[in-house]
Amino acid sequence: MAPTILITGASGQLGKLVLTELLKTTPADQIAALVRRPEAAAEIEALGVTARMGDYTDPAALSAAMDGIEKLLLISSSEVGQRAPQHRNVIDAAKVAGVSLIAYTSLLRANSSPLALAAEHVETEAYLAESGVPHVLLRNGWYTENNVGTAGMAIEHGTYIGSIGEGRISGAARADYAAAAAAVLTSDDAQAGKVYELAGDASYSLNDLAQETTKLAGKPIAYTDLPEADYAGALVQAGLPEGFAAVLADSDVGASKGALEENGKTLSALIGRPTTPWQDTLADVLA
Ligand SMILES: NC(=O)c1ccc[n+]([C@@H]2O[C@H](COP(=O)([O-])OP(=O)(O)OC[C@H]3O[C@@H](n4cnc5c(N)ncnc54)[C@H](OP(=O)(O)O)[C@@H]3O)[C@@H](O)[C@H]2O)c1
């Protein structure tokens, strides 16, 4: 059978987890994955999934990749600053190919979020609406992995750093968001027009994270709150590019105002199980 579902960003961390979830319910020959590197194609093909080559900047390749596709999962690009035009190319190709549903991974409450990261998602959501292609928005909240990923450094230095104050994050594991995407792609219910605000069942502050890390590491770990510019500077010193450091510091400031807290429990309802406790994700990272 020719593939009818196409996953973009399939070589990424979220995309791989979406493929794993989809393969639990969907024959591999019905799934295709968009990749831009031959090594990634080989990895995908080993799962029995068809790899289709294409970069978000290459409209002709994107058109070819859409052949026969009914449902498309557009996982937002990781190239911050280039995302809106890249996403437009994917949406244009899907429209011409007659794709009947696009699921797009946006950002939690993108339409009202103070995060600078929201702008490209808002632009993409607007372009989807203009395109007339039936679509569903998966407005993903924060990956818990973003925060617990720095646990090793926090243990080394005795503290987490950030600009989030007492703000709380309703983080969920990437695997939870992947399960949601697979559920939407395979649902028997009509999905077009739906907007899912997806987040973890429980929230944490950076102080909570520091306390839990203290327990697991067996040594005191603090949380040090910094002014936005100082935090961005510390991230640059740690080796992050300036632009990305600024985006992360800005996200913390947004989160300090509640932008990443969400209590609707839509994600656990969609996947039919509780979201992964943040404590488990932290324990996994430290294991
Ligand atoms: N909610 C959150 O907390 C959060 C955090 C970080 C990111 N995000 C967003 O969620 C997305 C998925 O997260 P992730 O952790 O899976 O990111 P990731 O591991 O960096 O994966 C990004 C994927 O996008 C692909 N990609 C990037 N630029 C492309 C291009 N020009 N053409 C074709 N493919 C391209 C990458 O391909 P290669 O393998 O070839 O590089 C990779 O498959 C990110 O891209 C970002 O938009 C959300």
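Residues numbered from 1 in each chain as written. Predicted model: local features only at pLDDT ≥ 70, side-chain atom pairs only at ≥ 80, totals over all residues. Heavy atoms only, no water.

**Regarding the domain arrangement of the protein chain**
Quick note on the threshold: Boundaries between domains were set according to an automatic or database domain assignment. Buried area: the sum, over both parts, of the accessible surface (1.4 Å probe) that disappears when the two are put together. Any Lys or Arg side-chain nitrogen located within 4 Å of an Asp or Glu carboxyl oxygen qualifies as a salt bridge. Here a polar contact is taken to be a pair of N or O atoms separated by no more than 3.5 Å, where protein atoms must pair a possible hydrogen donor with a possible acceptor and residues adjacent in sequence count only if both atoms sit in side chains. In this classification, Asp, Glu, Lys and Arg are treated as charged, Ala, Val, Leu, Ile, Met, Phe, Trp, Tyr, Cys and Pro as nonpolar, and every other residue, Gly included, as polar.
Segmentation of the protein chain into domains returns domain 1 (5-140) and domain 2 (148-168 + 201-263 + 273-286). Here the C-alpha centroids of domain 1 and domain 2 sit 28 Å apart. Summing both sides of the interface, domain 1 and domain 2 together bury roughly 750 Å²; the carbon and sulfur share of this comes to 65%. When the buried area of domain 1 at its contact with domain 2 is split by residue, Leu 108, Arg 109 and Leu 115 rank highest and sum to 56% of it. With its nearest N and O atoms 2.7 Å apart, the salt bridge here joins Arg 109 to Glu 262. Between domain 1 and domain 2 we count five residue pairs in polar contact (both at pLDDT 80 or more) in total. A class-by-class count of the residues in the side of domain 1 that touches domain 2 yields five nonpolar, one polar and one charged.

**So, the site of the ligand**
Operational definition: When we say a residue is near a molecule or strand, we mean one of its heavy atoms is within 4 Å of it. Every accessible area reported is derived by Shrake-Rupley at a probe size of 1.4 Å, with residue values counting cover from the shown protein chains alone. For the purposes of this entry, the term helix denotes a DSSP run of H or I that reaches at least four residues, the term strand denotes a run of E that reaches at least two, and both are numbered from the N terminus.
What surrounds the ligand is a group of 22 residues, the closest being Ser 11, Leu 14, Arg 37, Ser 76 and Asn 146. Within the side chain of Asn 146, one N or O atom sits 2.8 Å away from an oxygen atom of the ligand. About the coverage of the ligand: the protein hides 83% of its 910 Å² of free accessible area. Looking at the shell around the ligand, the elements that each hand over two or more residues are α1 (13-22) and α4 (83-97). Residues belonging to the shell around the ligand are distributed by class as follows: five nonpolar, 11 polar and six charged.

**Things to note about the packing of helix α9 (residues 206-217) against helix α13 (residues 278-286)**
How two helices sit against one another is set out by the angle between their axes and by the gap between those axes. To be explicit about the condition: With axes taken as lines fitted to C-alpha atoms, and helix axes fitted only over the stretch in contact, angles between N-to-C directions fall between 0 and 180 degrees. Throughout, the term roughly parallel applies to angles under 35 degrees, roughly antiparallel to angles over 145, roughly perpendicular to angles from 65 to 115, and oblique to all others. Two helices cross in a left-handed way if the nearer one is turned anticlockwise from the farther one by less than a right angle. They cross in a right-handed way if the turn is clockwise. Two residues qualify as a contact provided that any one of their heavy atoms is within 4.5 Å of a heavy atom in the partner residue.
Closest axis-to-axis distance for the α9/α13 pair is 11 Å, and the angle between their directions is 45 degrees. Taken together, the axis directions place α9 and α13 in an arrangement best described as oblique. Read as a crossing pair, α9 and α13 show a hand that is right-handed. On the side of α9, the interface is formed by Asp 208, Leu 209, Glu 212, Thr 213 and Leu 216, while α13 contributes Trp 278, Gln 279, Leu 282, Ala 283 and Leu 286.

**Observations concerning unusual backbone geometry**
The backbone of Arg 109 shows a phi angle near 45 degrees, a positive value even though the residue is not glycine. Examined against the element boundaries, Arg 109 turns out to sit in the loop between β5 (101-107) and α5 (118-131). The phi dihedral of Lys 265 falls on the positive side, at around 55 degrees, and the residue is not glycine. Tracing the backbone shows Lys 265 in the loop between α11 (242-256) and α12 (266-271).

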